[in-house]
Amino acid sequence: VSFFGEGTHLDHISANRIELFKAARRVEKVKAATLNRDLRFLAQILKQAERERYIARSPFDLGKFFLSESRERRKPYVLGWKEQEKLLAVARPRIRMLTILGVETGMRTGEMLHLRWKDIDFLGDLLRVEESKTPSGIRSVPLTALCKSELLRWRNLIGPDFSEWVFPNFSNRRHPLQGGRKAWASTLKKAEIPYFPIYYLRHTFASRLTAAGVSTLTIAQMLGHSS
């Protein structure tokens, strides 16, 4: 609305004006992903206007306006084995546990933070992801010997009866931990490793499975991908 104006008629939003809108947003240094969200919203408005016969045809049917986001995406960082040793050597217990859980199970950050002790079968060497961003994310993941031993060590450290959460919020044990980005960034800095989001530990997990010859279908299932 701020660009096109409140008094603009729907049939005045032409392909040319959409290109001008894109140019104006790019001058504001808006990322491609953000601009594409704006464009998708605008496309929905104009498609609905077409259905209700306010306009003859949406300009989005006539041209390609969406930007490629691949160039702006940060390439996933894959943690090397020596880097992992350096990271674990300086990491505090919580960051150490999150790191090992990430590279050994491929769980998403949110999945790790919402993990409960009841979701872990130490006898069967299995971990159950019950909370995920997608239905396919609900899955069982095998526990490696390293991951199992570190989880038992972490449980003994915080006390098995302290909270139902594997990563509790120590100020309120009824809730899981939130955030933690500063602690992660600080640990990477101490280990002299370039910053990357903790989420990218999933890519390390997938990369190592690929190098070991595991099929892409199995890797997708272990990561909780829908395809």
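Look up: the structure comes first, before these words.
Residues numbered from 1 in each chain as written. Predicted model: local features only at pLDDT ≥ 70, side-chain atom pairs only at ≥ 80, totals over all residues. Heavy atoms only, no water.

A. Layout of the overall build of the protein chain. The secondary structure content of the protein chain amounts to nine helices and five strands. Scanning the protein chain from its N terminus toward the C terminus, one meets helices and strands in the order α-α-α-α-α-β-β-β-α-β-β-α-α-α. Relative to the compact-globule value of 17 Å for 227 residues, the protein chain shows a C-alpha radius of gyration of 23 Å, a clear excess of over 25%. For the protein chain, the residues scored as buried account for 38% of the 227 residues in total. Relative to all contacts within the protein chain whose residues are 6 or more apart in sequence, the contacts with residues 24 or more apart total 57%. Here the protein chain displays about 14000 Å² of accessible surface, and carbon together with sulfur accounts for 54% of that area. With 39 positive and 23 negative side-chain charges, the protein chain shows a separation of 4 Å between the mean positions of the two kinds. (Helix = DSSP H or I, 4+ residues; strand = E, 2+ residues; numbered from the N terminus. Rg over C-alpha atoms; globule rule 2.2 N^0.38 Å. Buried < 20%, exposed > 50% of the residue type's maximum accessible area, 1.4 Å probe, protein only. Contact = heavy atoms within 4.5 Å. Areas by Shrake-Rupley, 256 points an atom, 1.4 Å probe, with all protein chains shown as cover. Lys, Arg positive; Asp, Glu negative; His and termini not counted. Charge placed at Lys NZ, Arg CZ, Asp CG, Glu CD.)

B. Main features of the layout of surface pockets. Size it by volume and the largest pocket reaches roughly 400 Å³. Together, 18 residues line the largest pocket, and Val1, Ser2, Phe4, Leu42 and Ile45 are the ones closest to its centre. Going through the elements one at a time, helix 1 (15-27) and helix 2 (32-51) are the ones with two or more residues in the lining of the largest pocket. Here the lining of the largest pocket is composed, by residue class, of 10 nonpolar, four polar and four charged. (1 Å grid on protein atoms, 1.4 Å probe; cavity = no way out; pocket = protein on both sides within 12 Å on 5 of 7 lines; lining within 4 Å. Points joined across faces, edges and corners; volume = space filled by probe spheres on them. Nonpolar A, V, L, I, M, F, W, Y, C, P; charged D, E, K, R; others polar.)

C. Quick look at the pattern of salt bridges. A full pass over the atoms with the stated rule returns 15 salt bridges. For Arg128, the salt bridge identified is with Glu130, shortest N-O distance 3.3 Å. For Glu130, a relative accessible area of 41% translates into the label partly exposed. In the salt-bridge network here, residues are joined through shared partners; they are Lys47, Glu50, Arg57 and Asp61. (Salt bridge = Lys/Arg side-chain N within 4 Å of Asp/Glu carboxyl O.)

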